[in-house]
Amino acid sequence: MSGTSGTRPYLIRRLAALLVGTLVTCAALLTAYYGVSRNSPAVNGRTTPAVVEVAAAETSLKASFAAAEAALTGPTGPVEGAGEEYRAQLDAASQALEKATINTVAGVDGRQTLRTASGLVSSYGYLIEQAVRSGGDPVLRDAYVAAAHSTLTRPRSGIIDRLEEVQLDQRGTLDQQVSFGWLLTLAWAVALVLCAGLVWLLADTQRTLRRRFRRRVNPALAAATALLAALALTLAVFAVQIQGRLHAAAAHIEHDRTHGGIRAETLHWVNGALRSTQWRASFTSCVGLAAVLIAALVIVGLQPRIDEYRFRHPVGARPAEHPMSVVLGTRDRGQPVTAALLAFWLVAIGAMAYGDRQGEHPGRVTVLASWTGLEQQRFEKVLRAFGRTHRGISVSYQGTTAQRELLLSRERTGDPPDIAILPSRGEAADYAARNALTPLDGVLPKNTLDAYGPQWTSRAGGRVYAVPVKADLKSIAWYDAAAPPRDLTALAADGAHWCAGMGGDDTSGWPGTDWIEDILLQQSGTKVYEQLANGELKWDADVMARAWRTFGSVFSAGPARTALAGDYTQGLFHSTGPGACALEHQGTFIRSGYPKDRHPDFVPSPRLLPGADPNSTAREVSADYAALFHDSPAARELLRFLTTDEAERVWSEPDKDRPGNPFRPFFPFTKGRPSVPIPPDEQLNAHIDRELRGAGALCLDASDSMPPRMRFAFQHGVLDYLSAPGESKLSAVLRDLETVRGGIPPRGGHVCGGT
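Presented here is an overview of the structure given in this document. (Residues numbered from 1 in each chain as written. Predicted model: local features only at pLDDT ≥ 70, side-chain atom pairs only at ≥ 80, totals over all residues. Heavy atoms only, no water.)

## Here's the deal with the sheet that holds strand β8 (residues 583-585)
Operational definition: Any two strands are treated as partners once DSSP identifies two or more bridges connecting them. The numbering of helices and of strands both runs from the N terminus, where a helix is a DSSP run of H or I of at least 4 residues and a strand a run of E of at least 2.
The four strands lie next to each other as β7-β8-β6-β9, forming an open sheet whose pairing is mixed. Of all strands in the sheet, those bounded by a partner on one side alone are β7 (498-499) and β9 (600-604).

Next up, the structure:
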């Protein structure tokens, strides 16, 4: 054979092409097959158990309530309480939730939601316990049972809906894992096209060798072709089988979930079906071995043919390069190849490093508050505004009306949220006394802290531990402005006309404490009111007993039972027809829950409360306080943002589909800081603003300023009194409250102040 034939350079180039083609094709096959096979252990080992654990918790909770309700209302209720079945189901739910929180595939937010649900389960258990203790009083017992049921089933913020929210995310993950999406389809299409191309290249090489070397078959190349075809066919068949079983497992789980709960038979079938895919999934390790064998067969088939060409090179000619020099680009004309390979690896490594840095957040902040539903949506708008100016910080928010239970649980297990929005000064003082809070003196600028008067901050030992970020007016009574009653005073004298649900998770009874506090404020003035808030007023004092009797005169037996059975969210505009309530004593936050096509308005409560001075200008208000539980640079940034004009501006922005902006919050008055202007079309908000600014004194909610122990006793006392409003019950309730007060040292502090 002539040295000028060009056969040897051709074979070198073909060898290089086959080796590169083998590497690229097997890499593509491995990628495509791994895209299917990796989902099998993920679905079997993580996703399916996660879905099952949440479903088991949901089923057990529903069963626990059914068992408790049956036991408590049955003939043996006074003896066995909630019953053994209730306790067993509640334990099962708690264990399932604990596992679900660890194993969830719903991400960080899903884990936070499950922690919130766990806190609500504690609240639910507390309410059932209270129902058991009240077994001798069927009215009070049923009130606690109704509150427990509300904790489970309240739309969006109840336990069941929170679990469904997590399940929705987990089922989304499951759907992604069992779906053959466009990216996986593209990967398989590319892999099969490359396989076809490599098979063609091997076949073409066979034809060339047969023509130039007069040999019918090159055994090594034929074996390489057969091995490649077998590899591609085997991977494709296994991928179809794995995908089919994943789809079947997901279908079985979804069928059971929507038809009464996931059965043990289904789990057994799913586990068995997915176990049978594990050995197929492990076939990915064979792809690399097959690639090495194919490459070796290609070299064995072509290298001897290359070595058959022995010829002398002309002067100045260069020896034929080894085939790998073509791949590695070590000859001159291979320099572009070398540069391209180096550039590729530099870009790939840079991209991976950048991806790692992108995954590292300078901070992640968790926030816990009592705002749910529409209030939560408005606050999350503020958090998004913070995220736009602090792009390296991500914020995870959880809202629950059972905040106290959840916060105590997380704080005592060493996993508190970074920031909690506490509903009272009293709670902030309680956590500060346990050294659970970071003082804000070094977090917020001094001029910001000084702008709040002593009435508006939670202080201990001369240091500030919490600052208010939102305020609500409470000394008002709502009515329908589109059809205002002719005589509000006469209407208010009959408790049947008041919307007054007392339910509210483990804080059930707080709407009643607002009533009694407001009555005391309007009947006896700010000095007596401050004594109550600071623990200096005896519960059985004449002025205190008078306020309770006034409360009882409005809520006689019939209205009292209605109030005990209702939730605080079921107020004005939520009932129609004969007997529908027409007045509601509630804070300004409640207007966000009124239907958007209605027209609420209010009058100051002193004009309607029996025995009150109608000309009184003292007003009860509440505030929500931001406190720092876990100190970090990111948490400090968010807390500072919540006290800025920008946060208040975003919080106050109107929504396009809600005329009048019922979500506008109001903020504590601070020195030297103008309030956010109210547009002319927000007439109700302007009315609230005038009432706040025209008040002779603003007094913080008294129960919110009490230590939590006293506050919870007050709330329970309201429910106990409403179960049989009368002198004998009142004496017992006030005696019990005075006993609790006697064990708590009085606290000084400013509760009332000028505007």
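## A look at the state of the cysteines
Spelled out, the test is: Disulfides are defined as cysteine sulfur pairs within 2.5 Å.
Following the criterion strictly, the structure yields two disulfides and no others. Bridging Cys 499 to Cys 581, the disulfide has an S-S length of 1.9 Å. For the disulfide bridge between Cys 499 and Cys 581, the dihedral angle about the S-S bond is near 100 degrees, and by the sign convention the bridge is right-handed. Placement of the pair is Cys 499 in strand β7 and Cys 581 in the loop between α22 (557-565) and β8, with a sequence separation of 82 residues.

## Brief notes about the environment of Asp 472
Our working definition: Burial classes follow relative accessibility: with a 1.4 Å probe on protein chains only, a residue under 20% of its type's maximum area counts as buried, one over 50% as exposed, and anything between as partly exposed. Definition of a polar contact: a pair of N or O atoms within 3.5 Å, with one able to donate and the other able to accept a hydrogen when the atoms are protein atoms, and with sequence-neighbouring residues admitted only if both atoms are side-chain atoms.
Within the secondary structure, Asp 472 sits in strand β5 (residues 463-473). What makes Asp 472 buried here is its relative accessible area of 6%. Of the polar contacts made by the side chain of Asp 472, one reaches the side chain of Lys 470; its length is 2.9 Å. A distance of 3.1 Å separates the side chain of Asp 472 from the backbone nitrogen of Phe 589, its partner in a polar contact.

## Brief notes about the pattern of salt bridges
Threshold: When a carboxyl oxygen of Asp or Glu lies within 4 Å of a side-chain nitrogen of Lys or Arg, that pair is called a salt bridge.
Tallying each qualifying case throughout the model produces 34 salt bridges. Arg 693 is the salt-bridge partner of Asp 689, the closest N and O atoms lying 3.2 Å from each other. You can see Asp 689 and its partner Arg 693 sitting in helix α25 (residues 683-693), four residues apart, about one turn around the helix. The class for Asp 689 is buried, based on a relative accessible area of 19%. Residue Arg 693 is classed as partly exposed on the basis of its relative accessible area of 38%. If you follow the salt bridges from partner to partner, you end up with Arg 378, Lys 381, Glu 646, Arg 649, Glu 653 and Asp 655 in one network.

## Quick word on the nonpolar core
Where a protein is soluble and globular, its nonpolar side chains tend to be buried together. Condition: Only buried residues count toward a nonpolar core, which is a set of Ala, Val, Leu, Ile, Met, Phe, Trp, Tyr and Cys residues joined through side-chain atoms within 4.5 Å.
Ranked by internal contacts, the top residues of the largest apolar core, which has 163 residues, are Tyr 124, Trp 539, Trp 548 and Phe 551. With 10 residues, helix α20 (residues 510-533) is the single largest residue contributor to this core. One finds Leu 15, Leu 18, Val 43 and Leu 302 within the second-largest nonpolar core, a separate group that totals 43 residues.

## Focus on the packing of aromatic side chains
To describe a pair of aromatic rings, you give the distance between the ring centres and the angle between the ring planes. Test applied: Pairing of aromatic side chains requires ring centres within 6.5 Å, counting the rings of Phe and Tyr and the six-membered ring of Trp. Pairs whose planes differ by under 30 degrees are stacked, by over 60 edge-to-face, and all others tilted.
Under the defined criterion, the tally for this structure stands at 21 aromatic pairs. Both rings, one in Trp 515 and one in Phe 551, keep their centres 6.2 Å apart while their planes meet at 45 degrees; by these two values the pair is tilted. You can see Trp 515 sitting in helix α20 and its partner Phe 551 sitting in helix α21 (residues 542-554), a full 36 residues away along the chain. The exposure class of Trp 515 is buried, given its relative accessible area of 2%. A ring pair is formed by Trp 651 and Phe 667, whose centres lie 5.9 Å apart and whose planes are at 55 degrees; its orientation type is tilted. Highlighted residues: Trp 651 in helix α24 (residues 645-652) and Phe 667 in the loop between α24 and α25, separated in sequence by 16 residues.

## Concerning the pairing of strand β3 (residues 419-422)
Covered by surrounding structure in β3 are Ile 419 and Ile 421 together with Ala 420 and Leu 422, the residues of both alternating faces. Pairing geometry for strand β1 (residues 363-369) and β3, over two bridges, is parallel. Counterpart to Val 367 in the pairing with β3 is Ile 419. As paired strands, β3 and strand β10 (residues 618-628) are joined by four bridges and run antiparallel to one another. Bridge pairing in β10 places Ala 420 opposite Ala 627.

## Here's the deal with unusual backbone geometry
Even without being glycine, Arg 156 reaches a positive phi, approximately 70 degrees. Along the chain, Arg 156 turns up in the loop between α6 (138-153) and α7 (159-178). For Arg 156, a relative accessible area of 52% corresponds to the exposed category. If you check the backbone angles, Asn 435 has positive phi at about 60 degrees while not being a glycine.

## Quick look at helix α15 (residues 373-389)
Residues lying three or four places apart along an α-helix face the same way, a consequence of the helix completing one turn every 3.6 residues. Just so we agree on the cut-off: Expected span of a helix: the number of residues minus one, times 1.5 Å. We call two residues contacting when some pair of their heavy atoms lies within 4.5 Å.
End to end, α15 covers 25 Å across 17 residues, agreeing with the expected 24 Å (1.5 Å per residue, within 8%). Turning to α15, its buried residues number three or more, namely Gly 373, Glu 375, Gln 376, Arg 378, Phe 379, Lys 381, Val 382, Leu 383, Ala 385 and Phe 386. Check the buried side of α15 and you find it contacts β1, β2 (393-399), β5, α23 (633-642) and α24.

Shape descriptors only; they carry no functional weight alone.
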